[in-house]
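# What the coordinates show
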Amino acid sequence: MSTATKTSILGKLASDGIFETVDGMTHEETIRLTNEVCAHNYHPIDVVVTRGQGPFVWDKNGKKYYDMVGCYSALAHGHLNEDLIAVANKQMERVTLTSRAVYTAEMAVFLAGLCEYSDSEMALPMNSGTEAVETAIKLARKWGYRVKGVADDKAEIITAEGNFHGRSISIISFSSDPQYREDFGPFPPGFVSVPFGDAGAVERAITPNTAAVLLEPIEAEGGIIVPPDGFLAEVRRICTRHNVLLIWDEVQTGFCRTGRRFAWQWEDAKPDLMTLGKALGGGLMPVSAVVGTRAVLGLLRPGDHGSTFGGNPLASVIGVAAIVDLYQGKLDELADANGRFFKGLLHPLIGPIVKDVRGKGLLIGVELHESAGTGRDFIPRLLEEGVISKDTHHQTLRFAPPLDITREQIEDAAGRIVRALAR
């Protein structure tokens, strides 16, 4: 494969086959070719993954790692979950893609199951988390104009500093991270930002033009930031009092990740709309959705919104199989118990190097003192110990293993993390 270039790769694929070509590439060749032909919008760590199973992945050299990134919580079911793979394989022998031009029983069952699991009245299927958030923004504005009576083009949505809801132009317009915004303006208006965790600031920001409050129950990309107790419920009360929609972005925190089906369930904070994704795809493909009340989702008319791939039969059966696995396995209870166990093993790290260990369920952040270096600085040490993690917000390392990881595996992984960080 050493002679493969942009001009020869098709010939190589045609003569040797796809998997023979992939398997024949070395660690160094994979990185070189990727950096040559892929725009550098990510800074990957120095691992070339070749296969995965459960909580583990293996690299080109055969080294085994605990995957603690978990595709940013998308691998709640682990790598290659056998039940989900079987469902996908069976559906691929039937029909995979139809578009919303027709009805399918697969989508009907998927959305009915999703609504029941999330205690919602209606759902709208999409593909990515960003699409789900964009959909929720459109729905909130439409509700603001059609129901609340906000003047045309004046609707406002309140968001929080430190948020991460995606990378579309409209979403980065309310990001507080300068890099997400630099060189991408001008930005659409209509968003007001307040400090995360400050319910009083949310209420003070509400005006007659406010259509919705859009927040994450836990700011995952912001550094695994858990708000003060009572914040979620108080925001719910504020939104009800002022006739404002509450939208929880549960793309990362949803589907048992935090020890509840959805993170808002830690308090009495049921939303009007909720954005979902990541784990809904069962670790196999992108699946997302917006769920909520009929009073909001029922406002859409044919032509208002759409998606070529949203709700396709293959995605639908994978999505409903993912939900059934979570439901039957009671993975919310398991994630809660295992998360407390995992944090307990990491908590003794707090000291000169580690500033804090926090999170809920199996969404855990280990924040480092600035004097010790950045999260990125410690990733090579973790790799040496056979653990893949990723820094978030510079100083925090995230740990988000599959929800069904065993106690023995947690003990083993925690020991490796302790050795890596305590050195």
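Parameters at a glance
Residues numbered from 1 in each chain as written. Predicted model: local features only at pLDDT ≥ 70, side-chain atom pairs only at ≥ 80, totals over all residues. Heavy atoms only, no water. Helix = DSSP H or I, 4+ residues; strand = E, 2+ residues; numbered from the N terminus. Rg over C-alpha atoms; globule rule 2.2 N^0.38 Å. Buried < 20%, exposed > 50% of the residue type's maximum accessible area, 1.4 Å probe, protein only. Contact = heavy atoms within 4.5 Å. Core = buried A, V, L, I, M, F, W, Y, C linked by side-chain atoms within 4.5 Å. Polar contact = N/O pair within 3.5 Å; in protein donor to acceptor, adjacent residues only side chain to side chain. Patch = residues over 30% accessible without salt bridge, like charges linked within 9 Å, V, L, I, M, F, W, Y side chains within 5 Å. Areas by Shrake-Rupley, 256 points an atom, 1.4 Å probe, with all protein chains shown as cover. Salt bridge = Lys/Arg side-chain N within 4 Å of Asp/Glu carboxyl O. 1 Å grid on protein atoms, 1.4 Å probe; cavity = no way out; pocket = protein on both sides within 12 Å on 5 of 7 lines; lining within 4 Å. Points joined across faces, edges and corners; volume = space filled by probe spheres on them. Nonpolar A, V, L, I, M, F, W, Y, C, P; charged D, E, K, R; others polar. Pairing = 2+ DSSP bridges. Axes fitted to C-alpha atoms, helices over the stretch in contact; angles between N-to-C directions. Parallel < 35°, antiparallel > 145°, perpendicular 65-115°, else oblique. Left-handed = near helix turned anticlockwise from the far one by under 90°.

## Let's talk about the overall build of the chain
When you go through the chain residue by residue, the secondary structure sums to 16 helices and 15 strands. In terms of overall dimensions, the chain is globule-like: its C-alpha atoms have a radius of gyration of 22 Å, near the 22 Å expected for 423 residues. Considering only C-alpha atoms, the chain reaches an extent of 65 × 55 × 45 Å along its principal axes. Across the 423 residues that make up the chain, the buried fraction comes to 52%. Look at the contacts in the chain between residues 6 or more apart in sequence, and 69% of them connect residues 24 or more apart.

## What to know about the nonpolar core
L114, V235, F255, F342, L346 and I417 are the most contacted members of the largest nonpolar core, which totals 79 residues. Beyond its immediate stretch of four places on either side in the chain, F255 contacts L114, Y117, R261, F262, L276, G277, A279, L280, I323, L326 and L403. Core analysis: the second largest hydrophobic core is formed by 21 residues, L124, W143, I171 and L245 among them.

## Quick look at the side chain of H165
Mapped onto the elements, H165 comes out in the loop between β5 (156–160) and α8 (169–172). Looking at H165, its side chain comes within polar contact range of the side chain of D249, at 2.7 Å.

## What about a nonpolar patch on the surface?
Judged by side-chain polarity, I18, F19 and V22 come together as a nonpolar surface patch covering roughly 330 Å² of accessible area. Take V22: it is sitting in helix α2 (residues 18–24).

## A look at empty space enclosed by the protein
Under the definition given, this model contains one cavity of 30 Å³ or more. For the largest cavity, the calculated volume is near 30 Å³. Along the lines of polarity and charge, the residues of the lining of the largest cavity split into three nonpolar, five polar and one charged.

## A short note on the pairing of strand β15 (residues 396–399)
Of the two faces of β15, the one lined by T396 and R398 and the one lined by L397 and F399 are each fully buried. Direction of pairing for strand β12 (residues 363–368) relative to β15: antiparallel, over a ladder of four bridges. Counted as the bridge partner of E367 is T396 from β15. Two strands pair when backbone bridges link them, and strand β14 (residues 390–392) and β15 are joined in this way by three bridges, in the antiparallel orientation. Across the sheet, the residue bridging to D391 is L397, located in β15. Hairpin connection of β14 to β15: three residues between the antiparallel strands, including H393 at a positive phi of 55°.

## Side note on the sheet that holds strand β13 (residues 387–388)
Pairing is mixed across the open sheet formed by four strands, whose spatial order is β1-β2-β3-β13. Unpaired on one side and paired on the other, β1 (49–53) and β13 mark the two borders of the sheet. In this sheet, strand β3 (residues 64–67) lies alongside strand β2 (residues 56–59) in antiparallel orientation, the contact comprising three bridges. Looking at β3, one finds that W58 is bridged to K64. Those strands touched by helix α16 (residues 407–422) are β2, β3 and β13, and its axis lies near 100° from that of β3.

## Quick notes on the packing of helix α15 (residues 375–384) against α16
Their axes nearest at 9 Å, the elements α15 and α16 cross at an angle of 130°. By the criterion of interaxial angle, the relationship of α15 to α16 is oblique. The way α15 lies across α16 gives a crossing that is right-handed. Facing α15, whose interface residues are F378, R381 and L382, α16 presents I417, A420 and L421. For the contact of α15 with α16, a count of residues per class yields five nonpolar, no polar and one charged.

## Considering the sheet that holds strand β11 (residues 354–360)
Strand order across the open sheet formed by four strands is β11-β12-β15-β14, with antiparallel pairing between neighbours. For this open sheet the edge positions go to β11 and β14, each flanked by a neighbour on one side alone. Shown here is a sheet whose adjacent strand axes are inclined to one another by a mean of 30°, direction ignored. With six bridges connecting them, β11 and β12 associate as antiparallel partners. Among the inter-strand pairings, G359 is bridged to a residue of β12, identified as I364. Contacts from α15 reach β12, β14 and β15, with the element oriented near 165° to β14.

## Some remarks on the pattern of salt bridges
According to the stated counting rule, one finds 18 salt bridges in the structure shown. Residue R32 is joined to E36 by a salt bridge in which the shortest nitrogen-to-oxygen separation is 3.0 Å. One end of the pair is R32 and the other is E36, both in helix α3 (residues 27–37) and four residues apart, which spans about a single turn. Given the relative accessible area of 36%, R32 is considered partly exposed. Its salt-bridge partner being R340, residue D336 comes within 3.0 Å of it at the nearest N-O pair. Residue D336 and its partner R340 are both found in helix α14 (residues 331–346); the two are separated by four residues, about one turn of the helix. In the salt-bridge network here, residues are joined through shared partners; they are K355, D356, R358 and E367.

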